[in-house]
Amino acid sequence: MAEREESSNKVNRRKFLKSAATTAGVMFIKPSLVHGTAANSAVRVGLLGCGGRGTEDATNLVDTGNARVVALADLFRDQLDTAHANFDKLQQPKGFAAIDASQLFLGPDAYQQIAHSKEVDAIVVATPPYYHPQHLEAVVAAGKHVYLEKPVAVDVPGALRVMEIGKRAQGKLSLDVGFQIRDCPPFVELVRRIHGGALGNIVCGEAHYLTGYIDRPAWPNASPIEKRLRNWVYDRALSGDIIVEQNIHVIDICNWILKAHPVKASATGGRQGRPASDGDAYGNYNVLFHYPDNVDVTFSSTQFAKGWWDVTERFFGTKGVSQSPYTGSLGIWGDEPWQAPMTPAKDKPDAQAFSVTGNFTSNLEFADREKKKAFVESITSGNFHNQADKGAESAISCILARAAAYKGHEISWDEIMKSREVLEPGIDLKKLG
């Protein structure tokens, strides 16, 4: 019985990932983009969602030297104006013109307007996660390459929708998902060695994402709807809760290392430690993931711990142990030892900046740089990426654990894949004001 279940899980995974196989397409940057100057040959980027993470993503793209920000879109005027001033200042030394006023899009229809801009080649989508499937669909339908921040969706129907959108983009556009750690050199080398057998047979694992409270402004003059949207990280429906929005990085790494998704999960969690008035997202999770081949992985997270953060994955095999923290010793100990060289941190780690903007230090120092470089090169070379299925798989893995915690009992992958539950914030953006 166990052997049949294990075989079925592997078959289901093959079916799930079948559409993720990348087919190299052929497309070249429009001739109008190539006039012999850096400004005219750079990939033209639009930023949809001008908060901290989106600004960081777009800045990383500019830093590659082969991209420039030419359009901005946001719900809120102050965020749009701040981003406008930021990118004009950032890009001026590179000889790029100031962003034209016609390419500043404001309000609930801004996502459609920037998607249809003829001045844009690629769009960074960094809006509240609830809106990711809707915004991705608009961008892909408009024929634009897209860098979609994680998570791709907050519920299973949304994740399945992203997979369908990915099929439409296959071979025509680059569709990257914001899992920058998969491009980070020490992690890439670690996983290569693990997949090469350095740990032997993996027996079990443990991982955690322990971080402090994300302190957001009170916005005393804002309406209740505006407060929810501005502080969406506190909101279960808008963010997907902390395990889907933030902890997903660690669970994605576990999937990557094990080359599988969980087949079932049990979990607990709650709001203990968080202010009573900050929304409805949890402050902690404790999860037991069951992966194929009887590999169990324990996972724990916090989003309230004061003065402390630590993010790590460890796997225990018959030949050794791996450890992959965000900062600290990363490597393999055992029969085939290897440790990554430590990268000096440019800045002292700060839990707030680390959690919100993705400003990483130590082992992740080059994660964003390599991720954005690969995205731009996929566009200019015509070797398009399609990470929709991988992004959906990791999102559903987290949704599986969230559902197990909410419902208080073990849930299987097959059960969660049948879920039609939609997290609905009940917000009418047309009435925002």
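Look above for the structure.
Residues numbered from 1 in each chain as written. Predicted model: local features only at pLDDT ≥ 70, side-chain atom pairs only at ≥ 80, totals over all residues. Heavy atoms only, no water.

Tallying secondary structure elements over the protein gives 16 helices and 15 strands in all. Per-residue burial for the protein yields a buried fraction of 55% across its 433 residues. Pairs at least 24 residues apart make up 73% of the contacts formed inside the protein by residues separated by at least 6 positions. A total of about 18200 Å² of accessible surface is found on the protein, and carbon and sulfur atoms cover 53% of it. (Helix = DSSP H or I, 4+ residues; strand = E, 2+ residues; numbered from the N terminus. Buried < 20%, exposed > 50% of the residue type's maximum accessible area, 1.4 Å probe, protein only. Contact = heavy atoms within 4.5 Å. Areas by Shrake-Rupley, 256 points an atom, 1.4 Å probe, with all protein chains shown as cover.)

All right, on to the state of the cysteines then. If you walk through the whole model with that rule in mind, you get zero disulfides. A disulfide-free cysteine, Cys254 has its sulfur positioned 9.6 Å from the sulfur of Cys398, the nearest such atom. Note on Cys254: relative accessible area 3%, which makes it buried. (Disulfide = S-S within 2.5 Å.)

A separate point is the sheet that holds strand β14 (residues 338-339). Pairing is mixed across the open sheet formed by nine strands, whose spatial order is β14-β13-β12-β11-β7-β10-β9-β8-β15. Two strands bound the open sheet, and with one partner strand each, they are β14 and β15 (411-412). One ladder, built from eight bridges, connects strand β9 (residues 284-291) with strand β10 (residues 295-303); its direction is antiparallel. Residue pairing in the sheet places His290 in a bridge with Asp296 of β10. Running over the sheet, helix α12 (residues 248-258) touches β7 (202-211), β9, β10 and β11 (310-317) and is turned about 20° from β11. (Pairing = 2+ DSSP bridges. Axes fitted to C-alpha atoms, helices over the stretch in contact; angles between N-to-C directions.)

Bridge analysis of β7 against β10 gives eight bridges, and the strand direction is parallel. From the neighbouring strand, Glu206 faces β10, where its bridge partner is Thr298. The turn linking β9 back onto β10 is made up of three residues, and Asp293 within it adopts a positive phi angle of 65°.

This brings us to the packing of aromatic side chains. In this structure the tally under the stated criterion is seven aromatic pairs. Note on Tyr282 and Tyr406: the rings are 5.3 Å apart at their centroids and 70° apart in plane angle, and the pair reads as edge-to-face. In this pair, Tyr282 is assigned in the loop between β8 (264-270) and β9 and Tyr406 in helix α15 (residues 388-407), connecting sequence segments 124 residues apart. Taken together, Tyr282, Tyr285 and Tyr406 form an aromatic cluster joined through their ring pairs. The ring of Trp219 is capped by Arg230, whose NZ or CZ atom sits 4.2 Å from the centre of that ring. (Phe/Tyr/Trp six-rings, centres within 6.5 Å; stacked < 30°, edge-to-face > 60°. Lys NZ or Arg CZ within 6 Å of the ring centre and 35° of its normal.)

This brings us to the pattern of salt bridges. For the structure on display, the rule yields 27 salt bridges. The partner of Glu164 in a salt bridge is Lys167, with the nearest N and O atoms 3.1 Å apart. One end of the pair is Glu164 and the other is Lys167, both in helix α7 (residues 156-169) and three residues apart, which spans about a single turn. For Glu164, a relative accessible area of 40% puts it in the partly exposed group. For Asp235, the salt bridge goes to Arg228, with nearest N and O atoms at 2.7 Å. Assessed through its relative accessible area of 8%, Asp235 is described here as buried. The class of Arg228 is partly exposed, set by a relative accessible area of 28%. Several salt bridges share partner residues, and in doing so they unite Arg53, Asp57, Glu149, Asp368 and Lys372 into one network. (Salt bridge = Lys/Arg side-chain N within 4 Å of Asp/Glu carboxyl O.)

Residue placement: Arg230 occurs in helix α9 (residues 224-230). In this structure Arg230 comes out as buried when scored by relative accessible area, which is 10%. Setting aside residues no more than four positions away along its own chain, Arg230 makes contact with Phe76, Asp78, Gln79, Arg216 and Trp219.

A word on the nonpolar core. Of all hydrophobic cores here, the largest spans 87 residues; its most connected members are Phe187, Val287, Phe289 and Phe299. Ranked by residue count, the leading element in this core is α15, at 11 residues. If sequence neighbours within four positions are ignored, Phe187 has contacts with Ile181, Ile253, Trp256, Glu313, Ser324, Pro325, Tyr326, Leu330, Asn363 and Leu364. Of all hydrophobic cores here, the second largest spans 22 residues; its members include Ala67, Val69, Leu80 and Phe375. (Core = buried A, V, L, I, M, F, W, Y, C linked by side-chain atoms within 4.5 Å.)

Where β11 and strand β12 (residues 320-323) come together, three bridges link them in antiparallel fashion. Considered in β12, the bridge of Phe315 is made with Ser322.

The buried count for helix α6 (residues 132-141) comes to seven of 10 residues, which makes it a mostly enclosed element. Along α6, the residues classified as buried are His132, Pro133, His135, Leu136, Ala138, Val139 and Val140.

Nothing here speaks to function; it is all geometry.
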